[in-house]
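The lines below spell out each chain.
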Amino acid sequence: MAIEANVPPEVFLAVKAKRHQRSPQITPARVVIRRSSCSMPAVPVAKLDRAVLAALADKVFTPERLKEMLRELKARLKKAQSGQDD
């Protein structure tokens, strides 16, 4: 089942490259910390939680997807139970 991307592919790839570049295996932590600091303001945890949960509710846990997930779960449970009877 396809899920719409929350982040544009070019942003995802840019962040992936930056994470790799800042990896401790590539660049020691002391260099990464000195080189840059986050310019974004701190976001309160409650506000971030609400934003993440709203995005999940709107994009991932839609009624159609929930029905599909429950169907798949039911099939897996049935298969697991029948496998235990052997």
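Look above for the structure.
What you see as residue numbers is a count from 1 along each chain, following the sequence as written. Two thresholds apply to this predicted model, a pLDDT of at least 70 for residue-level local features and 80 or more for giving and counting side-chain atom pairs, whereas whole-chain, interface and lining totals are computed over all residues. The side-chain values count all of the structure's non-hydrogen atoms but skip hydrogen atoms and water molecules.

Caption draft 1: Just the overall build of the protein, in detail. Strands are runs of DSSP state E lasting at least two residues, helices are runs of H or I lasting at least four, and both sets are numbered from the N terminus onward. Per the secondary structure count, the protein includes 4 helices and 0 strands. For each residue, the accessible area found with a 1.4 Å probe, counting protein chains only, is set against the maximum for its type, and the residue is called buried under 20%, exposed over 50%, and partly exposed in between. Every one of the 86 residues in the protein was classed for burial, and the buried ones make up 7%. Accessible surface computed for the protein: about 8,200 Å², of which carbon and sulfur atoms make up 62%. Areas reported as accessible are Shrake-Rupley estimates using a 1.4 Å probe. Residue values count occlusion only from the protein chains shown.

Caption draft 2: Quick look at the pattern of salt bridges. Counted as salt bridges are all cases of a side-chain nitrogen of Lys or Arg within 4 Å of a carboxyl oxygen of Asp or Glu. Taken as a whole and assessed by the stated rule, the structure comprises 1 salt bridge. Notably, a salt bridge pairs R71 with E68, separated by 3.0 Å at the nearest N-O pair. Here the residue R71 and the residue E68 both occupy positions in helix α4 (residues 63-84), the gap between them amounting to 3 residues, near one helical turn. Among the residues examined, E68 registers a relative accessible area of 22% and is labelled partly exposed.

Caption draft 3: Just a nonpolar patch on the surface, in detail. Together, V43, L48, V52, L53, L56, F61 and L66 make up a nonpolar patch on the protein surface, roughly 600 Å² of accessible area in all. Looking at which element gives the most residues to the nonpolar patch, the answer is helix α3 (residues 45-60), with 4 residues. Structurally, L66 is set in helix α4. Each patch is built from salt-bridge-free residues with over 30% relative accessible area, joining like charges within 9 Å and nonpolar side chains (Val, Leu, Ile, Met, Phe, Trp, Tyr) within 5 Å.

Caption draft 4: Looking closely at helix α1 (residues 9-21). With 13 residues, α1 extends 18 Å from end C-alpha to end C-alpha; this agrees with the ideal 18 Å at 1.5 Å per step. In terms of residue burial, α1 counts as a barely covered element, since only 0 of its 13 residues are buried. The span you would expect from a helix comes to 1.5 Å times its residue count less one.

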